[in-house]
Every structure is written in C-alpha cells, then in structure tokens.
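# Chain and residue survey
Below, each chain spelled out in residue letters.
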Amino acid sequence: MRLTVLGGCGAWPTADQACSGYLVDHAGFRLLIDPGYATLPRLLQHGTVDAVDAVLISHGHPDHCADLNPLLRARGLSDDPPPPLPVHAPHGAVDAVLALDKPRMLAEAYRLHEFTPGDRFDIGPYTVDTWLLPHFVPNAGIRLSTPGAVLAYTGDTGPSPDIPRLAQGADLFLSEATYVHRVPTGDAPYLLTARLAGQYAHQAGAARLVLTHLWPGTAPAAAQEAAAETFAHPIAIAAPGIVTHL
C-alpha cells in the first residue's frame, strides 16, 4: 500500500498547502480519500482524473470534500467520459457538494454509496472498517486493511476511546492534529492536539504517525515536537507530495 499526501491543511487552503486529501494505491487500485479544497490540482500532478478508481469521504465539511465537484466535472464533462466514479460517504455528507450543479449535469459521472459510520465494507482490494468519532458533524474514522498493511485515519475528531482501537497495530496512523497542545474550550470535544494524537498512536501500538489537519499557520515542527512527547516512533507532517510505503 502506498499513501500520497495531496494536502493536510485544516479549515482552508494556503498558498503552500491544500486541505485534506490522500491518494492510496494498492494492487493497481487508486483510492482518493477526502478531496478537500485545492486537492484536485495536487491530484493532477500524480495522474489524470480518470485514473482514480473510487473516492472515500470521512465527513461533509468542505475542507474534506469540496473538490469532489471539480473532479466529477473533469470526468463527466470530458470528451470521452470514464465510467461512473464510486463515491463512498456517510449519509448526506456530500449532498451540498453534489447540489452545486444541476442534478442531470453530472448524474452519469458518479455512483453514490452511502454508509453509516460503524459499517464495514470493501472498496476494491481494501477492507474498510469505520468508527463514528466525535466532530461537529457525523465523522467516520477509517481503517483500510489489505493482507499486508493497515492504514488508519481519523478524519476530524475530538478525543475518543475508539481512536486507539481504530489505529490498533496500524502500519501508519494518519491523525487529525488541529492544535499543538490545547484545543480552545468550545472546540475541545471535536478536535485533537498533536500531543494527544501522539498519545493515541502510542496506545494503539502504531508503527508510524502522520499529523494532519494542522490549523493554518501552525509551525509543523511544534506539532511534531508535541507528538513526540508521547510517541517514540517516526512522526511526519502531512504535506503535499509526501509518499509513504506501508
């Protein structure tokens, strides 16, 4: 399994960073996870739009799904449209994005497969286990498994005892880390710190940790150092172009 980071910025993109977006390759199958703001141009640096085999979305905030619209436009409005793109998302999560165009305009560009966080299903060669994790809207923590590797991804979440279970023994744990040491009071139930992400990675026995969804302007080194207070294994920051083999 190979993970390519397209972006890892929380809330909105910056000049250097797209929002959440991750391309996972295994056995010739390319799964796009969370096509957030500004991820499509990054995706095009790694191949054409018709090379994506399926999309998996953790939740309905636009920094995790907004670029589904231009992706579907680029596929559906092309001179030789590829087959409909399977899009897997929690119930209602992509309604707003799909409503940006007239229903008939992109109807043949995708096939929507909605799920409830907690469900287990297959996408291509991946077994997908999901957990309902606390956020402002329903969010699915995602565990992708193949016979040789496990990738765990929180989506956006606040503290939860389910996070170490999600990441148990994962070869790579991709964790939300919006703040470094402290989440503001109003957001505390719904977002994580880098330090707590490290603690969860330690509890899970994960091999590697990648911190993502950092608030714009956060110093990556500060987040990395905070996570290292509680996790002694390799730690990286999600930045465009980073490729990790599991």
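It should be emphasised that the depicted structure is a prediction, and the values quoted were computed from it without experimental measurement. (Residues numbered from 1 in each chain as written. Predicted model: local features only at pLDDT ≥ 70, side-chain atom pairs only at ≥ 80, totals over all residues. Heavy atoms only, no water.)

### Details of the nonpolar core
Counting 26 residues, the largest nonpolar core has Phe-173, Leu-209 and Leu-211 as its most contacted members. The set of elements that each furnish at least two residues to this core consists of strand 10 (149–153), helix 5 (162–166), helix 6 (194–204), strand 12 (209–212), helix 7 (220–228) and strand 13 (235–237). A total of six residues in this core trace back to one element, the largest contributor, which is helix 6. Look past the residues within four positions of Leu-211 in its chain and what remains in contact with it is Ser-175, Ala-177, Ala-194, Ala-197, Ala-223, Gln-224, Ala-227, Ile-235, Ala-236, Ile-237 and Ala-238. Formed by 25 residues, the second largest nonpolar core is a distinct cluster that contains Met-1, Leu-31, Leu-151 and Leu-174. (Core = buried A, V, L, I, M, F, W, Y, C linked by side-chain atoms within 4.5 Å. Buried < 20%, exposed > 50% of the residue type's maximum accessible area, 1.4 Å probe, protein only. Helix = DSSP H or I, 4+ residues; strand = E, 2+ residues; numbered from the N terminus. Contact = heavy atoms within 4.5 Å.)

### Describing helix 3 (residues 68–76)
All of the buried residues in helix 3 are Leu-68, Asn-69, Leu-71, Leu-72 and Arg-75. Each buried residue of helix 3 sits inside an arc of 165° when the element is viewed along its axis, so together they form one side. (Arc of directions from axis to C-beta.)

### Some thoughts on the packing of aromatic side chains
Aromatic ring pairs are defined here through the distance separating the ring centres and the angle between the ring planes. Inspection of the entire model under this criterion finds six aromatic pairs. Taken together, a centroid distance of 5.3 Å and an interplanar angle of 80° make the contact between Trp-12 and Trp-215 edge-to-face. Remark: Trp-215 occurs in the loop between strand 12 and helix 7 and Trp-12 occurs in the loop between strand 1 (2–7) and strand 2 (21–26); sequence separation between them is 203 residues. According to the relative accessible area criterion, Trp-12 is partly exposed, its value standing at 43%. Where Tyr-179 meets Trp-215, the ring centres are 6.2 Å apart and the plane angle is 15°; that geometry is what we call stacked. In this pair, Tyr-179 sits in the loop between strand 11 (172–176) and helix 6 while Trp-215 sits in the loop between strand 12 and helix 7, placing the two residues 36 residues apart along the sequence. Judged by relative accessible area, Tyr-179 falls into the buried class, the value being 18%. A network of ring pairs unites the aromatic residues Trp-12, Tyr-179 and Trp-215 as a single cluster. (Phe/Tyr/Trp six-rings, centres within 6.5 Å; stacked < 30°, edge-to-face > 60°.)

### Points about unusual backbone geometry
You will see that Ala-27, though not glycine, has its phi angle at about 55°, which is positive. Tracing the chain through its elements places Ala-27 in the loop between strand 2 and strand 3 (29–33). Positive phi, normally seen in glycine, also occurs at Ala-38, with a value near 70°.

### Side note on the confidence of the model for the protein
Regions with low pLDDT carry predicted coordinates that are not meant to be interpreted in detail. The predicted model of the protein has a mean per-residue pLDDT of 97, with 100% of residues at 70 or higher. Looking at the elements of the protein, mean pLDDT is at its lowest for strand 14 (residues 243–245), recorded as 96, and at its highest for strand 4 (residues 54–56), recorded as 99. (pLDDT = per-residue confidence, 0-100.)

### What about the sheet that holds strand 2?
Strands pair in a sheet through their backbones, by hydrogen bonds, and they do so in one of two ways: parallel or antiparallel. Taking strand neighbours across the sheet as the criterion, the seven strands line up as 6-5-4-3-2-1-14 in an open arrangement whose pairing is mixed. On the outer flanks of this sheet lie strand 6 (110–115) and strand 14, each paired with one strand and no other. Here the strands of the sheet are splayed against their neighbours by 20° on average, with no regard to which way each runs. Strand direction decides the pairing type here: strand 4 and strand 5 (residues 85–90), joined by two bridges, are parallel. Paired with Val-55 across the strands is Val-87, a residue of strand 5. (Pairing = 2+ DSSP bridges. Axes fitted to C-alpha atoms, helices over the stretch in contact; angles between N-to-C directions.)

### Side note on the pairing of strand 5
The buried count for strand 5 comes to five of six residues, which makes it a mostly enclosed element. As paired strands, strand 5 and strand 6 are joined by six bridges and run parallel to one another. Residue pairing across strands places Val-87 opposite Leu-112, the latter belonging to strand 6.

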